[in-house]
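Here's the letter readout for the chains.
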Amino acid sequence: MNAPVSRQSATLIFPVEGMSCASCVKRVETAAAKLPGVVQAHANFANETLVISPAPDFDAAALRAAITDAGYELPVETLEIGIEGMSCASCVKRVEDALVAAPGIVSVSVNLATERATLDVVGGEAGLAAAEAAITGAGYTPHRLSDQHTQTREQAKADEIGALQRDVVISAILTLPLFVLEMGSHFYTPFHQWLMQTVPTGWLYPAYFILASAVLFGPGRRFFVKGVPALFRRTPDMNSLVALGAGAAYLYSSVVTFAPHLLPDTARNIYFEAAAVIVTLILVGRLLEARAKGRTSDAIKRLVGLQAKSARVLRGGETIEIALDDVNVGDIVIIRPGEKIPVDGTVTEGSSFVDEAMISGEPVPVAKAEGDAVIGGTINTTGSFRFEVTKIGGDTMLAQIIRLVEQAQGSKLPIQALVDQVTAWFVPAVMVIAALTFIVWAVFGPDPAYTFALVNAVAVLIIACPCAMGLATPTSIMVGTGRAAELGVLFRKGEALQLLQSVGIVAFDKTGTLTKGAPELTDMIVADGFEDGEVLSLIAAVEANSEHPIGQAIVAAARDRDLVLPEIAGFDSVPGFGVVADVSGHRVEVGADRYMERLGIDIAAFTPDIERLGHQGKSPLFAAIDGRLAAIVAVADPIKPTSAETIAHLHALGLQVAMITGDNTHTARAIADQLGIDHVVAEVLPEGKVAAIEKLKADGRKLAFVGDGINDAPALAAADVGIAIGTGTDVAIESAGVVLVGGDVRAAVQAIAISRATMANIRQNLGWAFGYNALLIPVAAGVLFPAFGILLSPMLAAGAMALSSVCVVTNALRLRAYRSPLTVENRSPTP
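Just so you know, these numbers come straight off a predicted model, no measurement behind them.

Here we take up the overall build of the chain. The helix and strand inventory of the chain stands at 30 helices and 28 strands. Sequence-distant contacts in the chain: of pairs separated by 6 or more residues, those separated by 24 or more amount to 70%.

On inspection of all chains with the given rule, the structure shows 4 cavities of 30 Å³ or more. Taken as a whole, the second largest cavity encloses approximately 70 Å³ of empty space. Residue lining of the second largest cavity: Met-238, Ile-282, Gly-285, Arg-286, Glu-289, Cys-467, Met-801, Ala-802 and Ser-805, and that is the complete set. Those elements that provide at least two residues to the lining of the second largest cavity are helix H10 (272-295) and helix H30 (794-813). Its residues assigned to classes, the lining of the second largest cavity shows 5 nonpolar, 2 polar and 2 charged.

Whenever strands of a sheet pair, they do so through backbone hydrogen bonds, lying parallel or antiparallel. A sheet is described by the order of its strands in space; here 6 strands give the open sequence S18-S23-S22-S21-S20-S19, paired in antiparallel fashion. A single partner strand is all that each edge strand has here, and the edge strands are strand S18 (520-526) and strand S19 (568-574). Within this sheet the neighbouring strands show an average axis-to-axis angle of 20°, counted without direction. Of the strands in this sheet, S18, S19, strand S20 (578-583), strand S21 (586-591), strand S22 (620-625) and strand S23 (628-636) touch helix H19 (residues 532-543), which is tilted by about 110° from S20.

With that out of the way, let us pick up the UniProt feature "transmembrane region" (unreviewed entry) in the chain. Within the UniProt annotation, "transmembrane region" (unreviewed entry) is assigned to residues 168-188, 203-220, 241-263, 269-288, 422-444, 450-473, 766-785 and 791-813. Within residues 203-220, the helical portion is 83% and the strand portion 0%, while the C-alpha atoms at the span's ends are 24 Å from each other. Between the end C-alpha atoms of residues 450-473 the distance is 40 Å, and the span holds 92% helix and 0% strand.

Read from one edge to the other, the open sheet built from 3 strands follows the order S1-S3-S2, with strand pairing classed as antiparallel. Pairing within the sheet leaves two strands with one partner each, and these edge strands are strand S1 (12-15) and strand S2 (38-44). When strand polarity is set aside, the average angle formed by the axes of neighbouring strands in this sheet is 20°.

Ring pairs (aromatic) are described by centroid distance and by the angle formed between their planes. Summed over the entire model, instances satisfying the criterion amount to 14 aromatic pairs. Plain terms: the ring middles of Phe-209 and Phe-258 are 5.0 Å apart, the flat faces sit at 85° to each other, and that makes the pair edge-to-face. Residue Phe-209 is located in helix H7 (residues 201-217), and its partner Phe-258 is located in helix H9 (residues 238-258); the two are separated by 49 residues in the primary sequence. Here the aromatic residues Phe-209, Phe-217, Phe-224, Tyr-250, Phe-258 and Phe-272 are joined through ring pairs into a cluster of three or more. Sitting over the ring of Phe-577, Arg-598 keeps its end group 4.6 Å from the ring centre.

Glancing now at the pattern of salt bridges. Counted according to the given criterion, the structure contains 17 salt bridges. With a closest N to O distance of 3.1 Å, Arg-166 and Asp-167 form a salt bridge. By relative accessible area, which is 7% here, Asp-167 ends up buried. Here Lys-689 ties to Asp-509 by a salt bridge, and the two come within 3.0 Å at their closest N and O atoms. Residue Lys-689 is located in helix H25 (residues 686-696), and its partner Asp-509 is located in strand S17 (residues 503-509); the two are separated by 180 residues in the primary sequence. Accessibility assignment for this pair places Lys-689 and Asp-509 in one class, buried. A network of salt bridges, in which partner residues are shared, links Arg-312, Glu-321, Arg-336 and Glu-339.

This next bit is on the side chain of Thr-378. Mapped onto the fold, Thr-378 is located in the loop between strand S13 (373-374) and strand S14 (379-380). Overall, the relative accessible area of 0% leaves Thr-378 in the buried class.

Along the chain, Ala-631 falls in strand S23. By relative accessible area, which is 0% here, Ala-631 ends up buried. Considering only alpha carbons, one finds Ala-631 and Ile-603, 28 residues apart in sequence, at a separation of 9.7 Å. For Ala-631, the residues in contact, after removing those within four places along its chain, are Met-524, Ile-525, Val-526, Ala-527, Val-535, Phe-606, Leu-621, Phe-622 and Ala-623.

Here we take up unusual backbone geometry. Here Asp-447 and Pro-448 are connected by a cis peptide whose omega angle stands at -5°. Mapping Pro-448 onto the fold places it in the loop between helix H14 (414-444) and helix H15 (449-463). Notably, Asp-626 is not glycine yet its phi reads approximately 55°, a positive angle. Inspection of the secondary structure assignment puts Asp-626 in the loop between S22 and S23. In this structure Asp-626 comes out as partly exposed when scored by relative accessible area, which is 42%. Although it is not a glycine, Glu-683 sits at a positive phi angle of roughly 55°. Summarising the element assignment, Glu-683 is placed in the loop between strand S25 (679-681) and H25.

Conventions adopted
- Here, residues in each chain are numbered from 1, in the same order as that chain's written sequence.
- In keeping with the model being predicted, local features are shown solely for residues with a pLDDT of at least 70 and side-chain atom pairs are shown and tallied solely at 80 or more, while totals for entire chains, interfaces and linings include all residues.
- Side-chain numbers here rest on the full set of heavy atoms in the structure, without hydrogens or water.
- The helix count covers DSSP runs of H or I at least four residues long, the strand count covers runs of E at least two residues long, and both are numbered beginning at the N terminus.
- Whether two residues touch is decided by their heavy atoms; if any such pair falls within 4.5 Å, the residues are in contact.
- Using a 1 Å grid laid over the protein atoms alone, points where a 1.4 Å probe fits but cannot get out form a cavity; open sets with protein on both sides within 12 Å along at least 5 of 7 lines form a pocket; any residue with an atom within 4 Å of a point counts as lining.
- Grid points are joined across faces, edges and corners, and a volume is the space filled by probe spheres set on the points.
- Three categories are distinguished: nonpolar for Ala, Val, Leu, Ile, Met, Phe, Trp, Tyr, Cys and Pro, charged for Asp, Glu, Lys and Arg, and polar for the others, with Gly belonging to the last.
- Should DSSP find at least two bridges between two strands, the strands are regarded as paired.
- Interaxial angles span 0 to 180 degrees and are taken between N-to-C directions of axes, which are lines fitted to C-alpha atoms, for helices over the stretch in contact.
- UniProt positions are given in the numbering used here, feature names are shortened, and annotations may be inferred rather than shown by experiment.
- Whether two aromatic rings pair depends on their centres lying within 6.5 Å, for rings of Phe, Tyr and Trp, where Trp uses its six-membered ring; planes under 30 degrees apart make the pair stacked, over 60 edge-to-face, and the rest tilted.
- By definition here, charges over rings are those cases where NZ of Lys or CZ of Arg is within 6 Å of the ring centre and within 35 degrees of the ring normal.
- Salt bridges are counted wherever a side-chain nitrogen of Lys or Arg sits within 4 Å of a carboxyl oxygen of Asp or Glu.
- For every residue, the accessible area obtained with a 1.4 Å probe (protein chains only) is divided by the maximum for its type, and the residue is called buried under 20%, exposed over 50%, and partly exposed between those limits.

Quick look at the structure:
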């Protein structure tokens with residue numbers, strides 16, 4: 001049962017089985033892109049996925065059929081979902097209709113008696129999430145019965161590695177005697193003489209044939225099962241090259257063994273050992289590659305490991321422990337000291353300190369009290385509290401982080417487009433080169449010409465390594481974006497990872513990005529004869545009756561110091577000047593310098609402080625008590641403690657820094673001077689920020705913009721790379737290509753640095769992959785033979801090919817050890 005999707009869906013990620021090299025990527029993408037319900041498709045060889053941007057008429061079954069016709073598989077998982085709220089057969093029909101219209105669902109059967117739906121799903125987690133959304137949209141409540149969908153995928157990878165280990169052992173055991181007997185005869189003459197005297201040739205070659213057959217059609221069967229059909233479909237891949245190379249050596253040797261009269265005497269050489277060694281070495285390479293590729297997703301595994309397994313909730317007046325999947329929005333969860341917070345929520349009772357390092361990277365626990373938000377996956381320390389659940393499942397912050405990392409790891413960079421174009425023609429080109437090699441050696445080569453022709457053609461087929469070319473970019477992306485997530489940086493869009501490394505200027509919004517975003521009392525200087533705490537309490541008592549933000553900041557500062565605000569009388573506001581009231585028997589007057597002048601109070605004693613505050617972009621207020629000048633105070637939006645460090649590190653990376661703000665020019669320039677900012681654009685409206693960005697980009701430099709508010713959304717979208725502060729608004733985050741999860745602006749440095757590190761790693765991988773093939777394919781063809789007498793054995797070619805892709809993946813894994821350029825590195829999350 002299946003039907004097209006009824007509406008536009010989000011990006012879908014499907015696992016694909018059978019991709020063995022870079023050329024497979026192009027074929028999978030082409031097969032998917034031909035479907036009317038697919039807007040865009042790109043495959044990732046490293047994590048073996050296909051990312052689909054679906055149209056309204058997307059059909060999962062059609063996609064699966066198209067991929068199968070291309071010679072690959074979208075694995076189908078059979079899952080069960082519990083459904084609450086069904087009461088009759090019409091409910092069953094309604095749920096089934098909703099499910100068959102969901103992307104990723106191949107077939108569905110709903111059982112009213114068991115209140116469960118049995119689904120055939122492609123797309124793993126994405127398909128299951130779509131099914132849950134469809135059930136909810138139909139008016140019913142889904143709940144997961146198990147984690148079978150993730151276990152199935154992980155088990156499949158474990159089974160693949162297990163099968164490779166088994167086949168490597170079997171192949172090695174069968175190949176070893178064949179290799180020793182044949183190659184030993186070449187390297188040690190007495191051994192050759194002993195072998196010829198002991199074992200008749202009529203017995204020896206058939207024994208070689210049996211051992212080689214066992215290797216090729218036992219452990220090596222996978223190459224023929226996938227490679228030969230690909231040849232008939234005219235879509236050859238890596239398996240095709242191995243099947244042709246090993247198969248040619250095997251067939252030639254079989255002819256020599258069983259029909260030698262078909263070949264001249266000089267050409268009657270056998271290569272059974274070469275065929276067997278080729279298969280064995282390539283299997284070893286596949287095993288090493290599979291193990292290494294498994295480590296590229298360690299970051300996701302660590303993030304998943306942060307999720308709690310159960311929660312202690314209040315139900316019916318009793319405290320019960322339930323599975324995480326059974327927690328509902330509105331439940332009251334009880335948290336004890338040392339426990340992991342299971343889901344997102346708001347504290348309703350109690351207080352504690354929570355370790356939020358997995359979100360912010362900061363090692364200092366954060367105080368939590370009634371009304372504060374808590375995040376699933378963080379760890380409670382010493383206190384106990386209760387909280388009301390606000391988000392569950394895929395809506396929690398941790399789930400969203402995992403989803404963003406998965407999307408980033410499956411993304412395709414612009415640089416990959418060139419690689420795809422090359423690899424699409426690579427395997428056919430190698431086959432043409434191998435054919436030309438055979439012809440040239442057969443016609444112009446020395447005797448035995450056919451033997452030389454065969455050996456060199458096989459070497460060309462075997463030495464070619466499209467795997468390395470296909471793995472070069474995606475493995476680096478997987479490891480790099482995973483490491484970035486551990487440092488509090490999420491790449492929402494793949495192209496941001498590539499573009500960020502080439503930016504020449506970083507522009508910041510001021511309020512809430514470089515500054516804290518809320519006015520605070522930053523300075524208070526008390527005149528001789530007055531006491532600091534008493535003056536602040538008197539001023540705050542007066543300002544408590546004012547609704548001006550500056551007054552509220554003064555009141556907040558007094559309360560932070562636990563000062564008692566006395567009662568006041570006779571409060572009056574003097575428009576344009578200040579406020580006045582009687583407080584505890586004192587006449588208190590607070591306002592600007594012109595208010596003091598009006599009152600006849602001399603402020604000359606504070607002239608140096610006034611000049612200093614003015615240089616810092618702060619506007620001072622003056623307080624008089626009983627007609628005497630008592631204090632000067634300044635309220636401002638303070639600079640974040642990490643802003644200066646951030647700017648310094650950006651300069652160290654060779655970047656220029658700009659600040660774009662709606663604040664007045666004097667204040668903006670004062671802050672820019674303190675931070676060492678190169679360009680200041682002040683007094684601009686939100687739409688003016690876009691124009692400012694375009695002006696800064698006028699000289700051709702790439703620009704990244706860092707912001708956090710709704711008014712920053714247009715600028716984030718207009719920049720080459722938008723970087724959103726994770727504590728900002730959803731609109732800003734959705735407009736950005738990069739999200740700084742913890743809200744620490746220093747993470748912008750992390751983002752740029754790890755982008756550079758990842759792109760450098762990709763260039764290294766591509767240089768190795770293309771350089772390897774460009775250099776060694778001609779060597780395998782024999783270009784060095786006329787001048788130096790050098791030929792490349794097919795067995796050495798197999799070893800080099802097997803190690804080539806392993807080298808690429810191993811190089812990508814070096815990004816796991818990436819260290820921050822910052823003085824104090826954000827701490828990585830730990831399960």
